[in-house]
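# Descriptive analysis of the structure
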Amino acid sequence: TKENLKICCIGAGYVGGPTCAVIAYKCPTVTVTIVDLNEDRIAAWNSDNLPIYEPGLDDVVFACRGRNLFFSSEVDQAIQEADLIFVSVNTPTKKSGIGAGFAADLAYVESATRRIAQVATSSKIVIEKSTVPCRTAESMRAILEANSRDGIRFDILSNPEFLAEGTAIPDLMYPDRVLIGSLQTPEGIKAQNVLADVYANWVPKEKIITMGLWSSELSKLAANALLAQRISSINALSAICEATGADVDEVAYACGLDSRIGPKFLKASVGFGGSCFQKDILNLVYLSESLHLPEVAEYWKQVVTMNEYQKSRFLERIVKRLFNTLTNKNLAVFGFAFKKNTGDTRESAAITLVKHFIQEKANIHIYDPKVEDAQIEMDLCEPGIATPEQYKKSVTIFHDPYEAAKNADAIVVLTEWDEFKTLDYQRVYNNMHKPAFIFDGRLFLDTKKLQNIGFQVEVIGRQV
Ligand code: NAI
């Protein structure tokens, strides 16, 4: 790596924060400044209580913060000083206008790009870290070139991020691959090499792969679509298992031993969540439609449809087993994050399920080891979920699972937090209304043990 290389990252979120903190950690001679318009978020990054929960993140940040890692809201200054600029801002699904509900909202990417063009006083390598539709780099280049000062050059790279929340730090330390896309011109390849050299500080050379910009951009959408498709496939099979008496875990095990299929990511569940899978598939659907490929669009759309179906199937099962009414019943919801080891709730299955529990007039007791109370309230008071009055009337947040389950008619497990496996379920059972139900939406509790205690157990993908 060039001596005294300076990196700026625009967007201090789930991706920008951990990614660039690991770069700082692994490259002590590189200065990394992570900026964000959100001052509260920057203040939190500069405090003892980081704004996101990710195992191992504290150690990385505390080791280099103030040394070669800085968090700042001085966006312009960081842009001016940097050689390399990561654009790692959010790209949510558009809520209105053309492509609403499918297309990516590129307003944040564009405004960050315009800012770079406006304030840069020297040449830069600009790196797309956000997940973007194919050919976004072209738009970025048009904006940069039309707005920059004379004599300044911008090279654009695509460097999609493959980390998974909950395992971000190991994923970044030991990635399966690092992907860098560039224009296949001499300048493009030179820029590609500068970034590859940064990663080469800790990533084996053969895992750093390079290709054209469009392939790189599409690879990220494709990888997420394929991952989500596996989940929807096993979930579709789980419905057949429940109807026939087959066991989805056994089926997944038998299939996963085929080396062409492989065992990972074949766990049935209440459905996938998170900020990426659904958004990126919808993005791919929109792209396919724009390219006049309706059959392709329809194919990928089905992955999301199946995910919604999985959630509604689980809800129906809960209502049915609870004697067809949830009115005034106490439901303990175990887990609100979209998966374990994160406090992130974006697109969490829990939001959909709790919304319906509210509509069924249940009393809902929520416990999650990491999600902040304010986040739960914000998610559930969104328009289309519940009104603040409904929320107040129906939802109570607990900080102890035993308290949450006290006097409950049923426990609904929605996040696979390890601690849910080791609770004293006899104690839980003793304090519940009878018959005491437990609905395992993650298919990870010891069914036999729970039944021996006396629970009525319902599991995704298996008749009990
Ligand atoms: P996030 O919402 O946590 O963070 C984005 C940050 O960018 C926010 O803090 C926002 O204030 C800031 N921002 C927006 N516009 C800005 C501007 N013009 N100047 C300065 N700051 C600005 O989003 P997250 O989860 O980090 O995702 C970022 C991108 O990475 C998205 O495109 C996402 O699809 C992609 N991605 C996300 C993964 C994940 O696990 N969350 C994994 C891989 C990719």
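Residues numbered from 1 in each chain as written. Predicted model: local features only at pLDDT ≥ 70, side-chain atom pairs only at ≥ 80, totals over all residues.

## What to know about the overall build of the protein
- A count of helical and extended segments in the protein gives 18 helices and 14 strands.
- Reported as C-alpha extents along the three principal axes, the dimensions of the protein are approximately 75 × 50 × 45 Å.
- Every one of the 464 residues in the protein was classed for burial, and the buried ones make up 47%.
- Across the protein, the fraction of contacts at a sequence separation of at least 24, relative to all contacts at a separation of at least 6, is 74%. (Helix = DSSP H or I, 4+ residues; strand = E, 2+ residues; numbered from the N terminus. Buried ≥ 20, exposed ≤ 12 C-beta atoms within 10 Å, placed from the backbone. Contact = placed C-beta atoms within 7 Å.)

## Focus on helix 12 (residues 294-321)
- When the terminal C-alpha atoms of helix 12 are compared, their 40 Å separation across 28 residues agrees well with the 40 Å that a helix rising 1.5 Å per residue should span.
- Residues of helix 12 that are buried sit in contact with helix 9 (213-244), helix 11 (277-290), helix 13 (349-359), strand 12 (410-413) and strand 13 (437-440).
- Two residues or fewer past helix 12, phenylalanine 323 is found with a positive phi of approximately 60°. (Expected span 1.5 Å × (residues − 1).)

## Focus on the sheet that holds strand 9 (residues 330-334)
- Spatially, the six strands line up as an open sheet ordered 11-10-9-12-13-14, and their pairing is parallel. Of all strands in the sheet, those with a lone pairing partner are strand 11 (395-398) and strand 14 (456-459), marking the two edges. Put simply, the sheet's adjacent strands are angled 20° from each other on average, direction ignored. (Pairing = 2+ DSSP bridges. Axes fitted to C-alpha atoms, helices over the stretch in contact; angles between N-to-C directions.)

## Details of the domain arrangement of the protein
- Entries for the protein in the domain assignment read domain 1 (6-203) and domain 2 (305-459).
- Using only C-alpha atoms to locate each centre, domain 1 and domain 2 end up separated by 37 Å.
- The partner domain 2 presents seven residues to the seven residues of domain 1 that form the contact.
- Of the residues assigned to the side of domain 1 that touches domain 2, the class counts are four nonpolar, one polar and two charged. (Domains from an automatic or database assignment. Nonpolar A, V, L, I, M, F, W, Y, C, P; charged D, E, K, R; others polar.)

## Describing the site of the ligand
- In the vicinity of the ligand, 27 residues are found, and the nearest of them are Gly11, Gly13, Tyr14, Ser130 and Thr131.
- The greatest single-element share of the shell around the ligand, amounting to three residues, is contributed by helix 5 (residues 107-119).
- Residue composition of the shell around the ligand, grouped by class: twelve nonpolar, eleven polar and four charged. (Near = placed C-beta within 6 Å.)

## Some remarks on the sheet that holds strand 2 (residues 31-35)
- Sheet architecture is open: eight strands sit in the order 3-2-1-4-5-6-7-8, paired in mixed fashion. Each edge of the open sheet carries a strand with a single partner, namely strand 3 (69-72) and strand 8 (208-212). Each strand of the sheet is rotated relative to its neighbour by a mean of 25°, with strand direction disregarded.
- Here strand 2 pairs with strand 3 via four bridges, running parallel.

## Digging into the nonpolar core
- Grouped together as the largest cluster of nonpolar side chains are 75 residues, with contacts concentrated most on Leu331, Val333 and Val412.
- Dropping the residues within four chain positions of it, valine 333 is found in contact with Ala350, Val354, Ile364, His365, Ile366, Val412 and Leu414. (Core = buried A, V, L, I, M, F, W, Y, C linked by C-beta atoms within 7 Å.)

## Quick notes on the UniProt feature "domain: UDP-glucose/GDP-mannose dehydrogenase C-terminal" (unreviewed entry) in the protein
- According to UniProt, the "domain: UDP-glucose/GDP-mannose dehydrogenase C-terminal" (unreviewed entry) feature falls on residues 332-447.
- Helix makes up 33% of residues 332-447 and strand makes up 17%, while its end C-alpha atoms are separated by 18 Å. (UniProt positions renumbered as here; feature names shortened; annotations may be inferred.)

## Quick look at the packing of helix 1 (residues 16-26) against helix 3 (residues 57-64)
- With their axes 9 Å apart at the nearest point, helix 1 and helix 3 run at an angle of 50° to one another. With respect to helix 3, the element helix 1 is oriented oblique. Here helix 1 and helix 3 pass one another in a crossing that is left-handed. Contacts between helix 1 and helix 3 pair Pro18, Ala21, Val22, Ala24 and Tyr25 from the former with Leu57, Val60, Val61, Ala63 and Cys64 from the latter. (Parallel < 35°, antiparallel > 145°, perpendicular 65-115°, else oblique. Left-handed = near helix turned anticlockwise from the far one by under 90°.)

## Digging into helix 1
- Judged by how many residues are buried, helix 1 sits mostly within the fold: ten of eleven residues are covered.
- Here helix 1 has its buried residues at Gly16, Gly17, Pro18, Thr19, Cys20, Ala21, Val22, Ile23, Ala24 and Tyr25.

## Remarks on unusual backbone geometry
- The peptide bond linking lysine 434 to proline 435 adopts the cis configuration, its omega dihedral lying at -5°.
- Mapped onto the elements, proline 435 comes out in the loop between helix 17 (425-430) and strand 13.
- Although it is not a glycine, lysine 361 sits at a positive phi angle of roughly 65°.
- Turning to its location among the elements, lysine 361 is positioned in the loop between helix 13 and strand 10 (363-367).
- With a phi close to 65°, asparagine 407 is a non-glycine residue in the positive phi region.
- Relative to the elements of secondary structure, asparagine 407 occurs in the loop between helix 16 (401-405) and strand 12.
- Asparagine 407 gets classed as exposed once you count the C-beta atoms within 10 Å, which come to 12.

## Section: the environment of glycine 181
- Along the polypeptide, glycine 181 turns up in strand 7 (residues 178-182).
- Sequence separation of glycine 181 and glutamate 217 is 36 residues, and the distance between their C-alpha atoms is 7.6 Å.
- Sequence-distant contacts of glycine 181, defined by excluding residues within four places in its chain, comprise Leu157, Ser158, Met211, Gly212, Leu213, Ser215, Ser216 and Glu217.

## Structural notes on the confidence of the model for the protein
- Within the protein, residue pLDDT values average 97, and 100% of them lie at 70 or more.
- For this predicted complex, the interface score ipTM comes out at 0.98, alongside a pTM of 0.96. (pLDDT = per-residue confidence, 0-100.)

## Description of the pairing of strand 8
- Across five bridges, strand 7 lies against strand 8 in parallel orientation. Bridge pairing links isoleucine 180 to threonine 210 in strand 8.
- Remark: the strand 7/helix 8 (residues 186-199)/strand 8 crossover connection has right-handed handedness. (Right-handed = clockwise from strand over helix to strand, strands pointing away.)

## Re the pairing of strand 7
- Burial analysis of strand 7 places five of its five residues in the buried class, the great majority of the element.
- On strand 7, burial covers both faces: Val178, Ile180 and Ser182 on one face and Leu179 and Gly181 on the other are all buried.
- Here strand 6 (residues 154-158) runs beside strand 7; their pairing, made up of two bridges, is antiparallel. Along strand 7, the bridge assignment pairs serine 158 with glycine 181.

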